[in-house]
Amino acid sequence: MSYFEFEDVKRYHQPYEDPLIRGPYWKPGHNNAAWYNFKETLYPAATVGFLYEPVRHFVNAAKILNGYYEWPKTRTEANIFFREVFRTPSFWKDMMKKMGFGFVHFAGDVGIKMTAWKLIYGGTSSPVEYADWNCFKLLLCAQFAFIPTCWTAVPFEMASRAYYADKTWPVELRRGYSSPLNALLRIPFEEGPSYLFKGGYPIVARDYVFYSFFCGVYTFLKNKFFFMWVYHDFPYNYIKLLNFFGAWTFAWGIAYPFHYAREMVDLWPKERGGHCTWGNSYNSSIRWMFENIDILYTNFFANYWTYMVRKGIPIWIMMWMLDNGGFFTNSMDPHLSLETMIPISMESV
């Protein structure tokens, strides 16, 4: 068999398209295994844990110190002030705790979610001569990826909450957690595994809605505006930023109220007699929110930027890095591209 005959065989028998079969397939490539995808998510998780968390810890320590001393006005005062930030009690010890838990948290939460997304969406392909149903395919892939994984943030957030709440209890009632990671490891054995999932409904709803819409909308925008950096010479990161911003705003605009429902039930003042307005039910508070969303929608975004600093920015960082790793790209074979099918016409555009 000559070289050209062998090329003809490969051309007519592609993994996602064959002259006798026209339709979409799900067939992950050799580099799209679950463990390989999860390993790829560890790099952005390490970036968040070992770079972003120390910066956030330093800023918080500076704010605490500002409660006792005014902000510096001269360079000499700045040198003294920020040197004292590093000398605040337990600064280095607490920073190490946050770095370790931050890495484990985002690897075990965002990492698992995006591993499922890459495995499912990354193995799809829309062959030539098949209707463009990408908008439906993206949402369908999101359901398969995030319905089984929407709970992964609950144990980490509950462990963190238990660690900081433990410091406020009377001494005789404290569990003595040494760090959020220590609480995460001890609670399943001391309180039972179900303890880590108590009150997790708003977190599950928040993450399911956010990741489904963000991954779906961003991938849709990326597919539709590819010509902006391929043919119009706009920098890819510039178009990526615009697509990110649109998908991010749309997704959190729907998902954040689910997160705020938790604050409404747990932190809002109680009625006379200590009764909760919604009967300590997250479902009742969320239903009330949607019944009054026409006049109170913007009120449900209280503390939005505080939450963004704590968890939103780390998710943004991870998503940005994962896009560079191909997590929002599926198995579109080179022979399906417009450049391959009509090279002369495409070069003349």
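In this text, all values refer to a predicted model and were calculated from it rather than measured experimentally.

Before going further, it helps to examine the packing of aromatic side chains. Enumeration over the complete set of coordinates arrives at 48 aromatic pairs. The interplanar angle of 75 degrees and the centroid separation of 5.2 Å between the aromatic rings of tryptophan 248 and tryptophan 316 together place this pair among those described as edge-to-face. You can see tryptophan 248 sitting in helix α10 (residues 236-266) and its partner tryptophan 316 sitting in helix α13 (residues 304-324), a full 68 residues away along the chain. Under the relative-accessibility criterion, tryptophan 248 is labelled buried at 7%. With a centroid separation of 5.7 Å and an interplanar angle of 50 degrees, the aromatic rings of phenylalanine 258 and phenylalanine 290 are classed as tilted. Residue phenylalanine 258 is found in helix α10, and its partner phenylalanine 290 is found in helix α11 (residues 282-291); the two are separated by 32 residues along the sequence. Cation over ring: lysine 240 sits above tryptophan 320, and NZ or CZ is 4.1 Å from the ring centre.

Of note, aspartate 233 is a non-glycine position whose phi angle comes to about 65 degrees, a positive value. Here aspartate 233 shows up in the loop between α9 (227-230) and α10. Residue aspartate 233 is classed as exposed on the basis of its relative accessible area of 66%. For asparagine 280, which is not glycine, the phi dihedral falls at a positive 55 degrees. For asparagine 280, the position within the fold is in the loop between α10 and α11.

Okay, the environment of valine 265 next. Take valine 265: it is sitting in helix α10. You can call valine 265 buried: its relative accessible area is 2%. Considered as a pair, valine 265 and threonine 277 are 12 residues apart in the sequence and their alpha carbons are 7.9 Å apart. Non-local contacts of valine 265, meaning those with residues more than four positions away in its chain, are made with Lys270, Cys276, Asn280, Ser281, Tyr282 and Ser285.

Here we take up helix α7 (residues 180-190). Restricting attention to buried positions, one finds in α7 the residues Pro180, Ala183, Leu184 and Ile187. Viewed end-on, α7 has its buried residues packed into an arc of 105 degrees, placing them on one side of the element. Facing away from the buried surface of α7 by more than 90 degrees, the exposed residues are Leu185 and Phe189. On its buried side, α7 packs onto α4 (91-121) and α6 (153-166). Following α7 by one or two positions, glycine 192 adopts a phi angle in the positive range, close to 105 degrees.

Another aspect to go through is the side chain of lysine 118. The residue lysine 118 is located in helix α4 in this model. Although buried, lysine 118 forms no salt bridge, and the nearest oppositely charged side chain, glutamate 40, lies 7.6 Å from it. Ignoring sequence-local partners within four residues, the contact set of lysine 118 consists of Asn32, Asn37, Gly123, Gly325, Gly326, Phe327 and Thr329.

Procedures and definitions
- Residues numbered from 1 in each chain as written.
- Predicted model: local features only at pLDDT ≥ 70, side-chain atom pairs only at ≥ 80, totals over all residues.
- Heavy atoms only, no water.
- Phe/Tyr/Trp six-rings, centres within 6.5 Å; stacked < 30°, edge-to-face > 60°.
- Helix = DSSP H or I, 4+ residues; strand = E, 2+ residues; numbered from the N terminus.
- Buried < 20%, exposed > 50% of the residue type's maximum accessible area, 1.4 Å probe, protein only.
- Lys NZ or Arg CZ within 6 Å of the ring centre and 35° of its normal.
- Contact = heavy atoms within 4.5 Å.
- Arc of directions from axis to C-beta.
- Lys, Arg positive; Asp, Glu negative; His and termini not counted.
- Salt bridge = Lys/Arg side-chain N within 4 Å of Asp/Glu carboxyl O.

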